[in-house]
Amino acid sequence: MIQITIDGIPCTCKKGEKLLAVARRNNIFIPTLCHHDGLPGMGSCRLCVVEVTESGRTKVVVSCLYPVRGEIEVVTNSERILAHRKMILALLRKRAPKSDVIAHMCEAFGAPDLPVASFDGGKCILCGLCVRACDLIGAGSVATRTLLKKLAGQGCAYPVAGAGVIAMVNRGTTKSVSTPYDEPSEICIGCGGCANVCPTGEITVTETDDGRTIWGKEFKFAFCKECGELLGTDKEVRYAAQRGGRDPDFLCPACRQKRSADAMADAFGRR
Amino acid sequence: MTRTILVCCGTGCRANGSMDVSLALTAAVAAAAADANVCCVTETGCSGLCELGPLVRIMPDDIMYYRVRPFDAHEIIQKTVLAGEPIERLLFKDSSGNHVLHQADNPFYGHQKKIALRNVGIIDSRSIDEYIAHGGYSALARALEMTSDEIIREVEESGIRGRGGAGFPTGRKWRSAAVLESSPKYVICNGDEGDPGAFMDGSIMDGDPHSVLEGMMIGALAIGAEEGFLYIRDEYIQAVKSMKKAIRAAEKRGLLGESILGTNRKLYFSVVRGGGAFVCGESTALMSSIEGNVGEPRAKYIHSVEKGLWGCPTVINNVETWTNIPFIINAGGKKFAEIGTEGSTGTKVFALVGKVKYTGLVEVPMGITLRKLIFEIGGGIPNNRKFKAVQTGGPSGGCIPASLLDIPVDFDTLKEYGTMMGSGGMIVMDDHSCMVEFARYYVNFLCGESCGKCTPCREGLRHMQSILTNICSGYGREGDIELLEMIGSTMIDCSLCALGSSAPNPVLTTIRYFRDEYEAHIREHRCPAGVCKALTAFSVNHATCKGCMACNAVCPTRAIVRLNGGFPIITKSCDGCGSCRDVCRFNAIEAVKGGRV
Ligand code: SF4
Ligand code: SF4
Ligand code: SF4
Ligand code: SF4
Ligand code: FES
Ligand code: FES
């Protein structure tokens, strides 16, 4: 156990624990955009910066990734930090002029309005959460990794459009998130994982009674054969089954349990 | 006496036809062989003074010829090699017009001290035998008898700091990797030199590949690694070839492989070709690229020494750092520490380019002044123009103005003045350079090279680019300078990797030293240097013009005409390129406020 202070408040934490987690546990607020508890950190938005003083030396770190390894003093709201946060939000507002989330944050934090033309973009701030979500829970996981490995073997250091379901394409100031060649993806399963984690609502999902449209593609919903409950998109159900190495049974968990109970009963001849 | 003819076949000289010179000399030697106890022709790596190439040096007399053509070959053999007579027209002429016979008497070479480049330009880089004959691999043999602790102690004592950029103490890096229990461990050589205009690492890999390998082998012994990677920029075809060949030769000799020199130590090296991105020079991005992932930097809160390649302890040093190691082991760390300054020991290789008379590759003791480097070694500014600034440290380095020419070049001093050592690029600018345009140029470059992962770097650069472009085209606003400073400060503190945190350097240093130039652009719509086309017009000063019409010959738009046989005038079709001003020997063409705004 390590003792640290955050804004003067003494906090106890485990070695290696991320600073953001420690702060949250102690009800100390640090704003974030690209952090999600369930996904690996990437440290791309830089909004969660704080000042860390360790043996007399002060540096600025991102709290979502900084592992506590010794006794430190943390300040989350110094003038320097607040100025940086304002600037980061002000910069993001020009990247994502249509995002209300960013506009609200700008207002709340008092970010200046910079005299530079906005991107004609929408709401995306390039935080990369969607890509990570798809990699972890969506169809991106397998596809992305195999393809990137292959490309890297050919000497390519950058993901090319076509690498996965969605990917960060281009580099530098022209970076963007997109499906291969901006066309509806072949392998997307319409799970909506990416849209769920997006902090700005850039990824549009429209749903009707029998389907969902995401990334320009329509997906039919699948329903439980027995009780008719919504299971997700048809592709999603098939993908999950495939990953589990079985055939899709189109049953909701409750009905599946019931069915196996029935089967068991049959087998023991109690029917 | 047997004489050796060294023909420089580095990239610069090869472009000037040194391969043909080498062939012609070989033929001339063969033709003369009947009555000669001469002589072999050796193709070497870059000798440094590429500007005056192809270079030919005759040893052991140490006669150095410049700008040699194939048809000079016969005369060189007959006169110099056989009869010992120098050929005047091929010699270097110093500033007072005297011919200089020996390399060391040429001021370009005289002030240099070569450690990293000790063999470059002297040995045939393709031959492991020549390397061994020049003392190569003796440090490895010595290191095999030393304990890991003894090796690291020498390196610590030498005080050497990483030559690739940040200047982290190499010994300390090795020590923290050596104490870790876990295995495997790796050593990496960063040969991803991506700065435009920089070619020092390429020249070393090309001209003395075994010294890099030897350094890495010693490093591997010290930390207990059994595998090493050389990450080489894809454009360096020659360096890739040369390193691969060197690895094969070392394997054949039993210096690499199952058992190094008959001991039970194993070591394998391989070459990885870079992805061609500037950001891959950043160590975490580089490792990510070797692993086969996207070449993007990662947060560095756990040092790569602990968790580097594939999460294993990894020591990564750049080419120049590695080549210094054999010298340190052989001569002792103390000896190395005596060179240079207290905080920055040893020497540093620089690529001196831009508006300087002798561009090329130089190696000087740390702490040398910029003035000595630019005016004595580099021969000053061509065409007697005025020195304005020098940029150090590559595209994200800052610039130093004339008033600071006497500061010593070392890691800490450069940093104090807002720039950095970087990998050793040095671009000299004369008074025809606009510092706002200079900043805009590099920000533009970095906009394309940033990986785009984090907000401050990606968005900050885009904003800076837009603001600077506005200023250069006459749409600058009050407050722009302060805004640039604010964005810069957020980029320095909050960027994820060193690319982003150093990217504002060109902007912040030009504001620091040339603020008046920014203000002239913004407030008076005037470009004092006469570079920004939208703010500049050119006119002929008839008092100094001699009517030679040299300007007319270079004007791409034919805008310079002579009316009624009088002096030239510049018409409306002028495009503002400034070529006429550069070419006029009488300084009769002046940049004035004007242009399109
Ligand atoms: S909806 Fe498609 S793109 Fe989004 S996470 Fe699921 S599979 Fe990936
Ligand atoms: S679409 Fe949303 S989640 Fe994806 S990078 Fe943009 S802002 Fe982040
Ligand atoms: S080059 Fe100079 S001196 Fe010659 S004509 Fe042009 S302006 Fe006059
Ligand atoms: S500035 Fe360029 S275009 Fe204009 S007159 Fe001179 S050479 Fe011609
Ligand atoms: S939340 Fe920490 S960098 Fe985005
Ligand atoms: S290549 Fe010959 S001096 Fe540089």
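Residues numbered from 1 in each chain as written. Chains lettered and ligands numbered in written order. Predicted model: local features only at pLDDT ≥ 70, side-chain atom pairs only at ≥ 80, totals over all residues. Heavy atoms only, no water.

**A word on the overall build of chain A**
When helices and strands are tallied, chain A shows eight helices and eleven strands. Within chain A, the fraction of its 271 residues that count as buried is 47%. Counting only contacts in chain A whose residues sit at least 6 apart along the sequence, the fraction spanning at least 24 positions is 49%. Taken as a whole, chain A presents about 13900 Å² of accessible surface, with 52% of it coming from carbon and sulfur. (Helix = DSSP H or I, 4+ residues; strand = E, 2+ residues; numbered from the N terminus. Buried < 20%, exposed > 50% of the residue type's maximum accessible area, 1.4 Å probe, protein only. Contact = heavy atoms within 4.5 Å. Areas by Shrake-Rupley, 256 points an atom, 1.4 Å probe, with all protein chains shown as cover.)

**Things to note about a nonpolar patch on the surface**
Residue and element names in this part refer to chain B. Together, V561, L563 and I569 give the surface a local cluster of nonpolar side chains, amounting to about 220 Å² of exposed area. Here I569 is to be found in strand β18 (residues 568–570). Under the relative-accessibility criterion, I569 is labelled partly exposed at 32%. (Patch = residues over 30% accessible without salt bridge, like charges linked within 9 Å, V, L, I, M, F, W, Y side chains within 5 Å. Salt bridge = Lys/Arg side-chain N within 4 Å of Asp/Glu carboxyl O.)

**Quick look at a positive patch on the surface**
Together, R57 and K59 of chain A together with R172 and K415 of chain B line one region of the surface with positive charge. With respect to the helices and strands, R172 of chain B occurs in helix α8 (residues 170–178). Given a relative accessible area of 52%, R172 of chain B falls into the exposed group. (Lys, Arg positive; Asp, Glu negative; His and termini not counted. Charge placed at Lys NZ, Arg CZ, Asp CG, Glu CD.)

**Considering the packing of aromatic side chains**
All names here are of chain B. Summed over all chains, the structure comprises 13 aromatic pairs over all chains. Pairing Y131 with Y137 gives two aromatic rings, centres 5.1 Å apart and planes at 80°, and the pair type is edge-to-face. An identical accessibility class is assigned to Y131 and Y137; each is buried. With 6.0 Å between their ring centres and 45° between their planes, Y186 and F229 make a pair best called tilted. Taken together, the positions of Y186 in strand β7 (residues 186–191) and F229 in strand β8 (residues 227–232) put the pair 43 residues apart, joining distant regions of the chain. (Phe/Tyr/Trp six-rings, centres within 6.5 Å; stacked < 30°, edge-to-face > 60°.)

**Some words on helix α3 (residues 73–83) of chain B**
All names here are of chain B. Within α3, the full set of buried residues consists of A73, I76, I77, T80 and V81. For α3, the angular spread of the buried residues around the axis is 120°, confining them to a single face. For α3, the elements touching its buried residues are β1 (4–8), α2 (18–32), β3 (56–59) and β4 (63–65). Downstream of α3 by a residue or two, G84 has a phi angle that is positive, lying close to 70°. (Arc of directions from axis to C-beta.)

**Considerations on the site of ligand 3**
If you check the shell around ligand 3, you find C545, K546, G547, C548, M549, A550, C551, P568, C584, F586, A588 and I589 of chain B and nothing else. Each residue belonging to the shell around ligand 3 can be placed in one class, and the counts come to ten nonpolar, one polar and one charged. (Near = heavy atom within 4 Å. Nonpolar A, V, L, I, M, F, W, Y, C, P; charged D, E, K, R; others polar.)

**Comments concerning the nonpolar core**
The nonpolar side chains of soluble globular proteins are, as a tendency, buried together. Counting residues in each nonpolar core, the largest one holds 96 residues, and the members touching the most others are I4, L19 and L33 of chain A together with L484, V507 and Y518 of chain B. In terms of nonpolar packing, the next biggest core, distinct from the first, is built from 62 residues, I115, I204, L267 and F269 of chain B among them. (Core = buried A, V, L, I, M, F, W, Y, C linked by side-chain atoms within 4.5 Å.)

**Remarks on the site of ligand 1**
Around ligand 1, the structure places 13 residues, and the nearest of them are C134, C188, C191, G192 and C194 of chain A. Residue classes in the shell around ligand 1 are distributed as ten nonpolar, three polar and no charged.

**Considering the side chain of R95 of chain A**
Relative to the assigned elements, R95 of chain A resides in helix α2 (residues 79–95). The exposure class assigned to R95 of chain A is buried, which follows from its relative accessible area of 7%. With residues up to four places along the chain from it excluded, the contact list for R95 of chain A reads F119, G121, C124, I125, L126, T173 and K175 of chain A together with R458 and E459 of chain B.

**Overview of the sheet that holds strand β13 (residues 387–392) of chain B**
Residues and elements named next belong to chain B. In space, the five strands of this open sheet follow the order β12-β11-β15-β13-β14, with mixed pairing throughout. At either end of the open sheet lies a strand with only one pairing partner, and these are β12 (360–365) and β14 (399–401). Ignoring strand direction, the axes of neighbouring strands in this sheet form an average angle of 30°. As paired elements, strand β11 (residues 347–354) and β12 share six bridges and run antiparallel to each other. By the bridge assignment for β12, A351 is matched with L361. (Pairing = 2+ DSSP bridges. Axes fitted to C-alpha atoms, helices over the stretch in contact; angles between N-to-C directions.)

**Comments concerning the pattern of salt bridges**
Considering all chains together, one arrives at 41 salt bridges over all chains under this definition. Its salt-bridge partner being D62 of chain B, residue R57 of chain B comes within 3.0 Å of it at the nearest N-O pair. Summarising the burial analysis for this pair, R57 of chain B and D62 of chain B share the class buried. A salt bridge links E459 of chain B to R462 of chain B, with the shortest nitrogen-to-oxygen separation between them at 4.0 Å. Here the residue E459 of chain B and the residue R462 of chain B both occupy positions in helix α18 (residues 455–472), the gap between them amounting to three residues, near one helical turn. Given the relative accessible area of 0%, E459 of chain B is considered buried. Taking relative accessible area as the criterion, R462 of chain B reaches 11% and is therefore assigned buried. Members of the salt-bridge network, linked through shared partners, are R95 of chain A together with R458, E459 and R462 of chain B.

**As for the interface of chain A and chain B**
Contact residues are listed per partner, giving 40 residues for chain A and 44 residues for chain B. Interface area, chain A with chain B, both sides summed: about 3500 Å², of which 59% is carbon and sulfur. The interface formed by chain A and chain B contains three salt bridges. Between D493 of chain B and R80 of chain A there is a salt bridge, and its shortest N-O distance comes to 2.8 Å. Scanning the region where chain A abuts chain B turns up 14 residue pairs in polar contact (both at pLDDT 80 or more). Counting residues per element, the side of chain A that touches chain B draws most heavily on α2 of chain A, at eight residues. Broken down by class, the residue content of the side of chain A that touches chain B amounts to 25 nonpolar, seven polar and eight charged. (Buried area = accessible area lost by both parts, 1.4 Å probe. Polar contact = N/O pair within 3.5 Å; in protein donor to acceptor, adjacent residues only side chain to side chain.)

**Structural notes on the sheet that holds β1 of chain B**
The strands making up a sheet associate through hydrogen bonds between their backbones, and the pairing can be parallel or antiparallel. Residues and elements named next belong to chain B. Read from one edge of the open sheet, four strands run β2-β1-β3-β4, paired in mixed fashion. Where the open sheet ends on each side, the last strands, each with one partner, are β2 (40–44) and β4. The sheet shows a mean angle of 20° between the axes of neighbouring strands, direction not considered. Direction of pairing for β3 relative to β4: antiparallel, over a ladder of three bridges. Across the sheet, I58 pairs through a bridge with I63, a residue of β4. α2 contacts β1, β2 and β3 of the sheet and is inclined by roughly 160° relative to β1.

**Notes on the packing of helix α10 (residues 209–223) of chain B against helix α13 (residues 319–331) of chain B**
Residues and elements named next belong to chain B. Two numbers describe how α10 lies on α13: the axes approach to 7 Å, and their chain directions differ by 75°. In terms of axis orientation, α10 runs roughly perpendicular to α13. Across the interface between the two elements, S211, V212, E214, G215, M216, I218 and G219 from α10 touch V319, W322, T323, I325, P326 and I329 from α13. Of the residues in the contact of α10 with α13, the class split is eight nonpolar, four polar and one charged. (Parallel < 35°, antiparallel > 145°, perpendicular 65-115°, else oblique.)

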